[in-house]
Amino acid sequence: MRTSNSASALGPVRRRVVASTVAAFLGLGVAFGSGLAAPAFAADSATLSGIILGVGSNETQRIVTWYSSADTAQQVQLAPTSSLVDGAFPASAVTFAASGAANIATSGGFNRHATLTGLKENTGYSYRVGFEGNWSSAYAFKTQSFEGDYDFLFYGDPQIGSSGNLAKDQAGWVDTVNVSLAANPNAEILVSGGDQVETANTEAQWDSFLAPTQLKSYPWAATIGNHDVGGKAYEQHLYTPNTDRSGAYYSNGTPSSNTSGGDYWYIYKDTLFIDLNSNSYATAQGGGGDAAHLAYVTDVINQHGTEAKWKVLVYHHAIYSPADHAKDADNKIRRVDFSQKFSDLGVDLVLQGHDHSYSRSYLIKNGAKADATEQPGAADVYPGPGGVLYVTANSASGSKYYDITQPDNSGTSGAGNGADPLDAGKYWYNSVQNQEHVRSYVKVEVRNDKLVVQDLRSGTCAAPNAAVELAKSPCTETGQAVGSIVDKVTVHPYHGSGQDIQVNVPNAAPGEFGWTIDGYNGLVDLGTAVDHNGDYFEATGSINPIAVSDSRRSLAPWSISAGVSDFKDGAKTFSGSYLGWTPKVVTAGAGAKAGAAVGSAYDGGGQGLSVSRGLGSADQGHARGTAKLGADLDLKIPGSVDKGNYRATLTITALSS
Ligand SMILES: [Fe+2]
């Protein structure tokens, strides 16, 4: 139970409950953008290769990147797959002009990329790249609903080439992509943990990395690793949206040098992803270091944090990991630099690579374990304010594994690598550590009121498993099947407005009046509003019950009231006055009487719950004891409200004399 430690006998106390609604389906069509480039008619021919689909700025966009042997004007041509006739693109197909430049000398050729915009939801698309008379093969992708639940997959360090056997590394990588997408065909993004390849500008390794055909159909969200940074091939192959390519985000401070870098962000279905070039961490090297990354993250969250419900950070160098890199000096620096700010900014999840082993942290707050009592391997975690979950992915390709290393005596906070007081074999910051020398990937289920994070085996000791095949690592996995779970945790987000709401006081002390939200203060989910003949939408639900306790000798009156904010989804909004309620006494006691029902403003005007209304009260002289108050919510909104997934905050106020 989560409750108040400061319920006052005098004056108001305030707690907040989050109420959520509604996905109102209005069929908002998003048209393709105008001003499309006319197809270029070029006499030259070009060999087109390395085509990969990437994430765009949001769910209505994708970015396609490729290599071309010739420096010609090129496009991406796009059409709904249903409009193709015998594989031919229709006259109504749209084109998006490509940009690009000459590749670095070691690669040769040219790179191109184009951003596809105005995609509609739940649509299958076909696309091809090139120019009239010189098109690539056609590839397909699909969009899904632009609202609601979705899954994404996270892959650690394919690092193709690191075993020394390119074919074996490719085979493992292809198999992990096959296995993960066969099990999760509706996954919507493939997120990189960095180190796509072993040697930055070795194109044969990039060819192997790009071998899975699914990379042309599911958007890859690139992350730069230390093995990608030493050349331009990363940027040439993987164009990313909203990317700040100023010197601060390059490890040497020089974007024009033969190096890759940049920090970027995108929003996908209510998740704000921020992806950092963690190779730049020390200003002594010339870049902006960790301070620049923190300024970037702060800036992006300040500007776009309210447009999403989740904040996920991605970068390569794991700051809480279990193996070879756990005690690296540079990671100790990042660990000290990053943690507090990530807590302050309300980051939900941090995804990392680099250590080629799996770990899931305890909830970390301000550089220390947030809750000393959190048990190793807990199935459910409740971050409260400032708690952040850090996950490090194992190798997705099997090209290299790092064995787990032992804690030292350097302490259990900050840069320390000391032992976990609850399990001396682990580092203090890790709830779960795993190294079985089999390939795996991380699946993240984004749900309305939880994140479910799983590490799943995509291979066994058997080939393809390059590092094991080549006797670089002994396989220690014990017969678990492909698809079996290494680890699973559910993150329940924090909905309170202040830290004190988390303090557990089950019963008020003698002679006090207090209230608490009864049980876990989960999202009040009104589900999808029902359309009533286009006139209005309606959704119903119930608030999380409020427990009231009054043991004062004065038998003084008390009351609990609440009002709701406007409902918002990004820039879209509608008035909180459309929410009405019917209060009720769930468990009688303490003289509790239910407040009067309040109707939605949709029914005959009024202000609904946009002004504070009584939930329950007791008169002077009431009996001592406890009560539980609830209320049935009734939301009626005009049919003119835009489709969206709206949220509002219900602010609760208690008064007693
Ligand atoms: Fe790596």
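So, how was this worked out
Here, residues in each chain are numbered from 1, in the same order as that chain's written sequence. With the structure being a predicted model, the display of local features is reserved for residues of pLDDT at least 70 and the display and counting of side-chain atom pairs for 80 or more, all residues being used for whole-chain, interface and lining totals. Side-chain calculation: all heavy atoms of the structure are included, whereas hydrogens and water are not. What counts as a ring pair is set by centres within 6.5 Å for rings of Phe, Tyr and Trp (its six-membered ring), and what kind of pair is set by the plane angle: stacked under 30 degrees, edge-to-face over 60, tilted for all other angles. Strands are runs of DSSP state E lasting at least two residues, helices are runs of H or I lasting at least four, and both sets are numbered from the N terminus onward. We call a residue buried when its accessible area falls under 20% of the maximum for its residue type, exposed when it is over 50%, and partly exposed in between, using a 1.4 Å probe and counting protein chains only. Should a side-chain nitrogen of Lys or Arg be within 4 Å of a carboxyl oxygen of Asp or Glu, the pair is scored as a salt bridge. Nitrogen, oxygen and sulfur within 2.8 Å of a metal are treated as its donors, or within 3.2 Å for sodium, potassium and calcium (Na, K, Ca); water is not counted, so a site can appear incomplete. The rule is simple: four donors are tetrahedral if all their angles sit between 85 and 135 degrees, four are square planar and six octahedral if opposite donors span more than 155 degrees and the others lie between 65 and 115, and anything that fits none of that is irregular. Note on definitions: a residue-residue contact is assigned when non-hydrogen atoms from the two residues lie within 4.5 Å. Pairs of cysteine sulfur atoms within 2.5 Å are what we label disulfides. What a helix should span is 1.5 Å times the count of its residues minus one. Throughout, the protein atoms alone are placed on a 1 Å grid, and a set of points is a cavity if a 1.4 Å probe fits but cannot get out or a pocket if it is open with protein on both sides within 12 Å along at least five of seven lines; lining residues have an atom within 4 Å of a point. Grid points are joined across faces, edges and corners, and a volume is the space filled by probe spheres set on the points. Basically, the charged four are Asp, Glu, Lys and Arg, the nonpolar ten are Ala, Val, Leu, Ile, Met, Phe, Trp, Tyr, Cys and Pro, and anything else, Gly included, counts as polar. UniProt positions are given in the numbering used here, feature names are shortened, and annotations may be inferred rather than shown by experiment. Side-chain atoms within 4.5 Å are what join buried Ala, Val, Leu, Ile, Met, Phe, Trp, Tyr and Cys residues into a set we call a nonpolar core.

- Within an unreviewed UniProt entry, the label attached to the protein reads Metallophosphoesterase, and the organism entered is Paractinoplanes toevensis.

## Overview of the packing of aromatic side chains
Consideration 1: Applying the stated criterion across every chain, the model contains 29 aromatic pairs.
Consideration 2: Ring centres 5.9 Å apart and planes at 50 degrees place the aromatic pair Tyr127 and Tyr139 in the tilted group. Of this pair, Tyr127 sits in strand 8 (residues 124-131) while Tyr139 sits in strand 10 (residues 139-142); the two residues are twelve residues apart in sequence, bridging distant segments of the chain.
Consideration 3: For Tyr127, a relative accessible area of 0% gives the class buried.
Consideration 4: Pairing Tyr320 with Tyr390 gives two aromatic rings, centres 4.7 Å apart and planes at 75 degrees, and the pair type is edge-to-face. Linking Tyr320 in the loop between strand 16 (310-317) and helix 5 (329-344) with Tyr390 in strand 22 (residues 389-392), this pair joins segments that are 70 residues apart in sequence. Both residues of the pair, Tyr320 and Tyr390, belong to the buried class.
Consideration 5: The structure contains a cluster of three or more aromatic residues connected by ring pairs, namely Tyr150, Phe152, Tyr264, Tyr266, Tyr268 and Phe273.

## Section: the pattern of salt bridges
Consideration 1: In total, this model carries 21 salt bridges according to the counting rule given.
Consideration 2: For the salt bridge of Arg112 with Asp71, the shortest nitrogen-to-oxygen distance reads 2.6 Å. Taken together, the residues span a long stretch of sequence, with Arg112 in strand 7 (residues 110-116) and Asp71 in the loop between strand 3 (62-68) and strand 4 (75-80) at a distance of 41 residues.
Consideration 3: Judged by relative accessible area, Arg112 falls into the buried class, the value being 5%.
Consideration 4: For Asp71, a relative accessible area of 53% corresponds to the exposed category.
Consideration 5: Of the charged contacts in the structure, one is a salt bridge between Glu188 and Lys269, with a shortest N-O distance of 2.9 Å.

## Re the coordination of the iron ion
Consideration 1: Within the protein, the iron ion binds to Asp157 (OD), Gln159 (OE1), Asp195 (OD) and His356 (NE2); these donor distances fall in the range 2.0 to 2.3 Å.
Consideration 2: Relative to the metal, the four donor atoms surrounding the iron ion lie at angles of 84 to 174 degrees, and the coordination shape comes out irregular.
Consideration 3: Summarised as a motif, the one-chain spacing of the donors to the iron ion is D-x1-Q-x35-D-x160-H.
Consideration 4: For Asp157, a relative accessible area of 0% gives the class buried.

## Focus: the side chain of Ser361
Consideration 1: Turning to its location among the elements, Ser361 is positioned in strand 18 (residues 358-361).
Consideration 2: Excluding residues within four positions of it along the chain, Ser361 makes contact with Val388, Leu389, Tyr390, Tyr429, Asn430 and Ser431.

## Notes on the state of the cysteines
Consideration 1: Applying the stated criterion to the full structure yields one disulfide.
Consideration 2: Covalently, Cys461 is tied to Cys475 through a disulfide, its sulfur atoms 2.0 Å apart. Here Cys461 and Cys475 share a disulfide; its torsion about the S-S bond, -80 degrees, makes the bridge left-handed. Taken together, the residues span a long stretch of sequence, with Cys461 in the loop between strand 27 (450-457) and helix 6 (466-469) and Cys475 in the loop between helix 6 and strand 28 (485-491) at a distance of 14 residues.
Consideration 3: With a relative accessible area of 23%, Cys475 lands in the partly exposed category.

## Observations concerning helix 5
Consideration 1: For helix 5, which comprises 16 residues, the first-to-last C-alpha distance of 24 Å matches the rise-based estimate of 22 Å (1.5 Å per residue) to within 8%.
Consideration 2: Those residues of helix 5 not exposed but buried are Asp330, Asn331, Arg334, Arg335, Phe338, Ser339, Phe342 and Ser343.
Consideration 3: Looking at the buried side of helix 5, the elements it contacts are helix 4 (289-304), strand 16, strand 17 (349-353), strand 19 (364-365) and strand 22.
Consideration 4: Backbone geometry just after helix 5 places Gly346 at a positive phi near 75 degrees.

## Quick notes on the environment of Gly156
Consideration 1: You can see Gly156 is positioned in the loop between strand 11 (150-155) and helix 1 (166-183).
Consideration 2: When its relative accessible area of 0% is taken as the criterion, Gly156 is described as buried.
Consideration 3: For the pair Gly156 and His316, spaced 160 residues apart in the sequence, the C-alpha separation amounts to 8.7 Å.
Consideration 4: In this structure Gly156 touches Ala393, Asn394, Ser395 and Ala396, once residues within four positions along its chain are discounted.

## What about empty space enclosed by the protein?
Think of a ball as big as a water molecule: rolled over the atoms, this probe shows where empty space is left.
Consideration 1: For the structure shown, the criterion picks out four cavities of 30 Å³ or more.
Consideration 2: Among the residues forming the lining of the largest cavity, the class breakdown is two nonpolar, three polar and five charged.

## Observations regarding unusual backbone geometry
In most cases, non-glycine residues show a negative phi, while peptide bonds are predominantly trans.
Consideration 1: A cis geometry characterises the amide bond from Ala463 onward to Pro464, with omega recorded as 0 degrees.
Consideration 2: Of note in this structure, Asn366 is not a glycine but carries a positive phi near 55 degrees.
Consideration 3: Inspection of the secondary structure assignment puts Asn366 in the loop between strand 19 and strand 20 (368-369).
Consideration 4: We classify Asn366 as partly exposed; its relative accessible area is 37%.
Consideration 5: Residue Ala471 is not a glycine yet carries a positive backbone phi of 60 degrees.
Consideration 6: Tracing the backbone shows Ala471 in the loop between helix 6 and strand 28.

## Points about the UniProt feature "domain: Calcineurin-like phosphoesterase" (unreviewed entry) in the protein
Consideration 1: In the numbering used here, UniProt assigns the feature "domain: Calcineurin-like phosphoesterase" (unreviewed entry) to residues 181-358.
Consideration 2: Across residues 181-358 one finds 26% helix and 17% strand; the C-alpha atoms that close the span lie 20 Å apart.

## A short note on the nonpolar core
Consideration 1: Counting residues in each nonpolar core, the largest one holds 87 residues, and the members touching the most others are Ile189, Phe209, Trp220, Phe273, Ile274 and Phe342.
Consideration 2: The greatest single-element share of this core, amounting to six residues, is contributed by helix 4.
Consideration 3: Contacts of Ile189, omitting those with residues within four sequence positions, involve Val55, Tyr150, Asp151, Phe152, Leu153, Pro219, Ala221, Tyr266, Tyr268 and Phe273.
Consideration 4: Listed in part, the 39 residues of the second largest apolar core include Leu526, Ile560, Ala562 and Leu633.

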